[in-house]
Every structure is written in C-alpha cells, then in structure tokens.
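If you want the building blocks of each chain, they are given just below.
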Amino acid sequence: MKVNEHDQTHGSKDATATLIEYGDYQCPSCGDAQPILTKVMKHYGDKLLFVFRNYPLEQHEFAETAAETALFAAERGKFWEMHDLLFKNQAAFREDLFPKLAGKLGLDEAALRKALKESTYAKAVKTDIASGDKAGVRGTPSFYLNGKAYDGEFSYAGLVAAIG
C-alpha cells in the first residue's frame, strides 16, 4: 500500500515505518483511537509516517461533511488542526458546527459553506473510500502498518510492539 501525494501525512516521508488509518470523524472508536495515535506519533517522531484517509460510514450523518471540512482545511495548510478539532467535537456534530470550527482556525467560514454546498471535496473523499475498499476495510478505524492490515491489539503498547 503506497502513500499517495494527496494523502494527509504526519512525520517524515523517509520514516522507517508507515501507519495508515482509515477513519471516520463521527465514529466513536476513531475518536477513542486519537489519543493513542497522538502518543504513538510523539514516541516515534520522524521514524513513523502516519497517514489519515477518510472512510466516512453511511450510518454517520455528518461523517462525509466532516471529511470534506478536513480536506478544505488541508488545502489551506490546517489539516491536522482541523482533524484534531473534528475529533474533539464529534459529539456536537450538526450542520452549522463545521463553519464555526473553520472560523476557530482562522479559515473563511463562507468559503467552507460554499465548498460543502458544491461538494468540492467529495471526489477526494470517494478516492479515499475506494482505496479503503480495495485494501479490504470493513469498518473504522482500520489500520495498515507497512502495507499490511494491522489486526493486533489497539493500544499504545500494542502499536509500539508492532512498529518496533
């Protein structure tokens, strides 16, 4: 599984390990995973390349809107800030929340509303979903470590042991 130029990444492209997450911003399990992932990324620094790919589940009413909001922020250099804000606010998701989050990051709220209305980032979200489907994603969060599905224990200790 290759890292693509449109992927949202954290860490060095020269890292010795790559961890890809297919996630849904409205998924409670994905929200629970974020503090663990943050600790893992801090532990490894540039030795780990972390990739987040959108995989909004149909049963989550605002998951696709959240994914498009994150990509809107990414285009403006604020992906990880928005990523974190979305997970911190996932219990409060409603249509009018996303422009407010953009505003908190100094992004143009009206431009986000327009992008969401016009589905500007929908194709990019669908590309991530297709990638996940091809990889065999069955739910969120799903992880791939160095190109292989990671089905091990999802904990800080489990990930550190797997990454090495």
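Look a little higher up for the structure.
Summarised in this report is the structure supplied together with it. (Residues numbered from 1 in each chain as written. Predicted model: local features only at pLDDT ≥ 70, side-chain atom pairs only at ≥ 80, totals over all residues. Heavy atoms only, no water.)

1. Comments concerning the state of the cysteines
Working step 1: Applying the stated criterion across every chain, the model contains zero disulfides.
Working step 2: Cysteine C27 remains unbridged, with the sulfur of C30 as its closest cysteine sulfur at 3.4 Å.
Working step 3: By relative accessible area, which is 4% here, C27 ends up buried. (Disulfide = S-S within 2.5 Å. Buried < 20%, exposed > 50% of the residue type's maximum accessible area, 1.4 Å probe, protein only.)

2. What about the pairing of strand β2 (residues 17–23)?
Working step 1: Within β2, six of the seven residues are buried, which leaves the element mostly enclosed by the surrounding structure.
Working step 2: Note that β2 and strand β3 (residues 48–54) share seven bridges and pair parallel. Note on β3: the bridge partner recorded for T18 is L49.
Working step 3: What joins β2 to β3 is helix α1 (residues 28–44), and the crossover it makes is right-handed.
Working step 4: Relative to strand β4 (residues 142–145), β2 is paired through four bridges, and the arrangement is antiparallel. Note on β4: the bridge partner recorded for E21 is F143. (Helix = DSSP H or I, 4+ residues; strand = E, 2+ residues; numbered from the N terminus. Pairing = 2+ DSSP bridges. Right-handed = clockwise from strand over helix to strand, strands pointing away.)

3. Here we look at the packing of aromatic side chains
Working step 1: Counting across every chain of the model gives twelve aromatic pairs.
Working step 2: Ring centres of F52 and F87 lie 6.3 Å apart, and the angle between their planes is 80 degrees; on these two criteria the pair is classed as edge-to-face. Here F52, found in strand β3, pairs with F87, found in helix α3 (residues 79–88); they are 35 residues apart in sequence, far enough to count as distant. Comparing F52 with F87, the two get one shared label, buried.
Working step 3: Pairing F79 with W80 gives two aromatic rings, centres 4.8 Å apart and planes at 85 degrees, and the pair type is edge-to-face.
Working step 4: Judged by relative accessible area, F79 falls into the buried class, the value being 3%.
Working step 5: Look at W80 and you get buried, because its relative accessible area is 18%.
Working step 6: Cluster of aromatic residues (ring-pair linked, three or more members): Y25, F50, F52, F79, W80 and F87.
Working step 7: Across the ring face of Y156, the terminal group of K39 is positioned such that the distance to the ring centre comes to 4.4 Å.
Working step 8: Note that R76 overlies the ring of F72, its terminal NZ or CZ placed 3.6 Å from the centroid. (Phe/Tyr/Trp six-rings, centres within 6.5 Å; stacked < 30°, edge-to-face > 60°. Lys NZ or Arg CZ within 6 Å of the ring centre and 35° of its normal.)

4. Quick look at the packing of α1 against helix α7 (residues 156–163)
Working step 1: At a minimum axis distance of 9 Å, the contact between α1 and α7 shows a crossing angle of 40 degrees. It follows from the interaxial angle that α1 and α7 lie oblique. Viewed along their axes, α1 and α7 form a crossing whose handedness is right-handed. Contact with α1, carried on its side by I36, L37, K39, V40, H43 and Y44, involves Y156, L159, V160 and I163 of α7 and no other residues of that element.
Working step 2: Among the residues making up the contact of α1 with α7, the classes are represented as eight nonpolar, one polar and one charged. (Axes fitted to C-alpha atoms, helices over the stretch in contact; angles between N-to-C directions. Parallel < 35°, antiparallel > 145°, perpendicular 65-115°, else oblique. Left-handed = near helix turned anticlockwise from the far one by under 90°. Contact = heavy atoms within 4.5 Å. Nonpolar A, V, L, I, M, F, W, Y, C, P; charged D, E, K, R; others polar.)

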